[in-house]
Amino acid sequence: MERKNDTRQKEKSKVTLSAVTEEQQSPAATAKRNKKMRTARNVVTGIVVSLAVGAIAGLSVALYYSEDINRMQASYMREMEAVYSRNYYDLLDSANNLETELGKLDAASTVEAQRSILYDVWSAAQTAGSGLSVFRGGEDGVMRATKFVGQLGDYAHYLAKRMENGEPLSAEERGILRKMRDMAGILKQSLGDTRQGIEEGKLFLGDGGMLETFTSSFDAFAEPDVDYPQMIYDGPFSDALEHRECKALDGLGKITAEEGAELVKGYIPDAHDVEFYDRTEGDVVTLNYRLSTEGGDGFVQLSEQGGLLVAFNLDYGKSAVAGGYPEHCAAAIGFASAAGYEDMTVVWCSGANGIVFVNLAPVEDGTVLYPDLVKVKVDEASGNVIGLDATHYVFNHTERALPRPVLTAAQAAQRVILPTVSEPTLALIPLDETREVLTYEFECESDGTYFVYIDAMTGEESNILYVVDSEQGQVLM
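Residues numbered from 1 in each chain as written. Predicted model: local features only at pLDDT ≥ 70, side-chain atom pairs only at ≥ 80, totals over all residues. Heavy atoms only, no water.

A. Focus on the overall build of the protein. Across its full length, the protein carries 11 helices and 14 strands. Every one of the 477 residues in the protein was classed for burial, and the buried ones make up 42%. Nonlocal contacts in the protein, meaning residues at least 24 apart in sequence, comprise 60% of its contacts between residues at least 6 apart. For the protein, the exposed area adds up to about 25,300 Å²; of that, 51% sits on carbon and sulfur atoms. (Helix = DSSP H or I, 4+ residues; strand = E, 2+ residues; numbered from the N terminus. Buried < 20%, exposed > 50% of the residue type's maximum accessible area, 1.4 Å probe, protein only. Contact = heavy atoms within 4.5 Å. Areas by Shrake-Rupley, 256 points an atom, 1.4 Å probe, with all protein chains shown as cover.)

B. Geometry of helix H8 (residues 257-267). Here H8 has its buried residues at Gly-260, Ala-261, Val-264 and Tyr-267. Down the axis, H8 shows its buried residues gathered within 125° of arc, on one side only. Of the residues in H8, the exposed ones pointing more than 90 degrees away from the buried face are Glu-258, Glu-262 and Gly-266. (Arc of directions from axis to C-beta.)

C. Fine view of the pattern of salt bridges. Counting across every chain of the model gives 12 salt bridges. The shortest N-O distance in the salt bridge between Arg-115 and Glu-164 comes to 3.7 Å. Of the two residues, Arg-115 is situated in helix H3 (residues 111-135) and Glu-164 in the loop between helix H4 (140-162) and helix H5 (171-190); the sequence distance between them amounts to 49 residues. The partner of Lys-265 in a salt bridge is Glu-262, with the nearest N and O atoms 3.6 Å apart. With Lys-265 and Glu-262 both in helix H8 and 3 residues apart, this pair spans about one turn of that helix. Beyond isolated ion pairs, a larger network of salt bridges with shared partners links Arg-115, Lys-161 and Glu-164. (Salt bridge = Lys/Arg side-chain N within 4 Å of Asp/Glu carboxyl O.)

D. Representation of the packing of aromatic side chains in the model. Overall, the coordinates contain 7 aromatic pairs when judged by the stated rule. Centroid distance Tyr-370 to Tyr-453: 6.3 Å. Interplanar angle 85°. Geometry classified as edge-to-face. Here Tyr-370 is found in the loop between strand S7 (367-369) and strand S8 (374-379), whereas its partner Tyr-453 is found in strand S12 (residues 449-455), with 83 residues between them in sequence. (Phe/Tyr/Trp six-rings, centres within 6.5 Å; stacked < 30°, edge-to-face > 60°.)

E. Representation of the nonpolar core. The biggest cluster of nonpolar side chains holds 51 residues, and the ones touching the most others in it are Leu-98, Leu-102, Leu-118, Leu-177 and Tyr-450. Mapped by element, the contributors of at least two residues to this core are helix H2 (27-104), H3, H4, H5, strand S10 (425-431), strand S11 (435-445), S12 and strand S13 (461-470). Setting aside its immediate chain neighbours within four residues, Leu-98 contacts Val-121, Ala-124, Ala-125, Ala-128, Val-149, Leu-152 and Ala-184. (Core = buried A, V, L, I, M, F, W, Y, C linked by side-chain atoms within 4.5 Å.)

F. Spatial organisation of the environment of Asp-182. Relative to the elements of secondary structure, Asp-182 occurs in helix H5. Between the C-alpha atom of Asp-182 and that of Glu-99, which follows or precedes it by 83 residues, the distance is 7.4 Å.

G. Representation of the state of the cysteines within the structure. Evaluated as defined, the whole model comprises 0 disulfides. Of the cysteine sulfurs around Cys-329, a residue in no disulfide, the closest is that of Cys-349, at 3.3 Å. (Disulfide = S-S within 2.5 Å.)

H. Just the pairing of strand S9 (residues 385-389), in detail. For S9, the buried fraction is high: 4 of the 5 residues fall into the buried class. As judged from the 4 bridges shared by S8 and S9, these two strands associate in the antiparallel manner. Paired with Lys-377 across the two strands is Gly-387, which belongs to S9. Following S8, the chain reverses through 5 residues before pairing antiparallel with S9; Gly-383 in that reversal takes a positive phi of roughly 80°. (Pairing = 2+ DSSP bridges.)

I. Spotlight on unusual backbone geometry. In this model, Asp-273 sits at a positive phi of 55°, which is unusual for a non-glycine residue. Positive phi values are uncommon outside glycine, yet Asp-365 reaches one of about 55°. Along the chain, Asp-365 turns up in the loop between strand S6 (355-364) and S7. The exposed category is assigned to Asp-365, whose relative accessible area is 71%.

J. Examining the confidence of the model for the protein more closely. Across the protein, the average pLDDT comes to 74, with 66% of residues at 70 or higher. Within the protein, no element has a lower average pLDDT than helix H1 (residues 2-25), which sits at 44, and none a higher one than S7, at 93. Predicted confidence for residues 1-25 stays below pLDDT 50, and this span has 5 contacts to residues more than four positions away or in other chains. Within the model, pLDDT remains below 50 along residues 220-234, and this stretch shows 46 contacts once partners closer than five positions in the same chain are excluded. (pLDDT = per-residue confidence, 0-100.)

K. Looking closely at H5. Between its terminal C-alpha atoms H5 stretches 29 Å, which fits the 28 Å expected from 20 residues at 1.5 Å a residue. Among the residues of H5, Glu-173, Arg-174, Leu-177, Met-180, Arg-181, Ala-184, Gly-185, Ile-186, Leu-187, Lys-188 and Ser-190 are the ones counted as buried. (Expected span 1.5 Å × (residues − 1).)

L. Region of the structure containing the side chain of Arg-174. The residue Arg-174 is located in helix H5 in this model. In this structure, Arg-174 is buried with no salt-bridge partner, the nearest side chain bearing the opposite charge being Asp-106 at 4.5 Å. Separated by 3.1 Å, the side chain of Arg-174 and the backbone oxygen of Ala-108 make a polar contact. (Lys, Arg positive; Asp, Glu negative; His and termini not counted. Polar contact = N/O pair within 3.5 Å; in protein donor to acceptor, adjacent residues only side chain to side chain.)

M. Fine view of the pairing of S12. Along S12, 7 of the 7 residues are buried, which leaves the element largely enclosed by surrounding structure. Going residue by residue along S12, you find Thr-449, Phe-451, Tyr-453 and Asp-455 tucked away on one face and Tyr-450, Val-452 and Ile-454 tucked away on the opposite face as well. Two successive antiparallel strands, S11 and S12, enclose a turn made up of 3 residues, where Asp-447 displays a positive phi of approximately 55°.

N. Representation of the side chain of Ser-94 in the model. With respect to the secondary-structure elements, Ser-94 resides in helix H2. When its relative accessible area of 2% is taken as the criterion, Ser-94 is described as buried. Among the polar contacts made by the side chain of Ser-94, one reaches the main-chain amide nitrogen of Ala-128 at a distance of 3.4 Å. Dropping the residues within four chain positions of it, Ser-94 is found in contact with Ala-124, Thr-127 and Ala-128.

O. Here's a closer look at the environment of Leu-252. Here Leu-252 is to be found in the loop between helix H7 (211-216) and H8. For Leu-252, a relative accessible area of 33% puts it in the partly exposed group. Each C-alpha atom of the pair Leu-252 and Glu-304 lies 9.5 Å from the other, and the pair is 52 residues apart in sequence. Those residues in contact with Leu-252, other than ones at most four positions away along the chain, are Gln-305 and Gly-306.

As structure tokens, this is what we get:
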């Protein structure tokens, strides 16, 4: 019985196994099984891909934020560099102004002139203090310099307010201000090394930056001997009134580019290859030309209205030699006269770096017209004129009805407290950027050269200019 049961069980098992095998081998079963396997593989692959994409995305995000941080840091460094540079030049400018304005007090004889100068000192001291505040970080030298300009500004403001009652500076106050002028010169000297570094392309920040050496330069003030390189050349009232209406062009007709080229050949000796290349739209519409001479190449600007020689510059390219300036001044006058600027006199002449800068002004009824300046550059070695700027003349020159002076020259001289070194001259000067004033001009010497201008109508001190030596020659401040 047991063997029969075993036999039947085995047969049953064979039947079951056979049925299963047949089912597995059928097309429907195979498709179903393959579908399940593909689903499983897809799930695994999806997981793997998701992990890989997640890893790549995470790395990309990290790289993005890293690059973003670097960009932000670079942008911040550029912004801070600009802040330091801007405040440095503001500081240098104000330090120069402090020394110059304090020097003018020696020539100021009236309460009004003294008060005006003191307010200028107060303003310059505030600017210097703002500039120094950017560099403060606990450094003793910077803190001491900041304290000095703060005290100087406060003192100047106090004196200016006190003088509202008409009381002039006392001898003691003048003495204190002279000592402060010396200190302002020391402050300016302390900025010199940094200026040289900027000119060499150095930065305040980064490896080898100048920020640390800049702040340490105030630890010990050196001898005052720094000039601010702001103006290429200058003379009395070289920043004269520039009205937006070009008075010298009134009633003049327009010229063509061809007509202008012929004028250029007449204005510039030995000019050849004169080529019109551009027309400039501005306060003065100009026709612009390139040209060549035996000495070098250059450019010329003529006013389209009237064909006046507005600007001229020549790269002469020869080294300078020592020589007297009278010949250079004569060359400047001759060149200006040939260009149509007649009855001119030399009002300023200074040489630097192989170039003699000559400022000319027209004279009318014995009065020098400073608002109508024409500036001329002369090569020191050859004596050839290599540049001209008549912008002020074009803006300001017109027929004027000059008033008759109320004061005589002798009466005006009594208002000047410094020793004079030349005869006074009647001069029309720009004032307050809005008006012109008839004055007597006095050249004075007292620990430096001054030009004092006394109003010919009222006897007031209209202006005081001080001669400053610079790398670009002598300038008037």
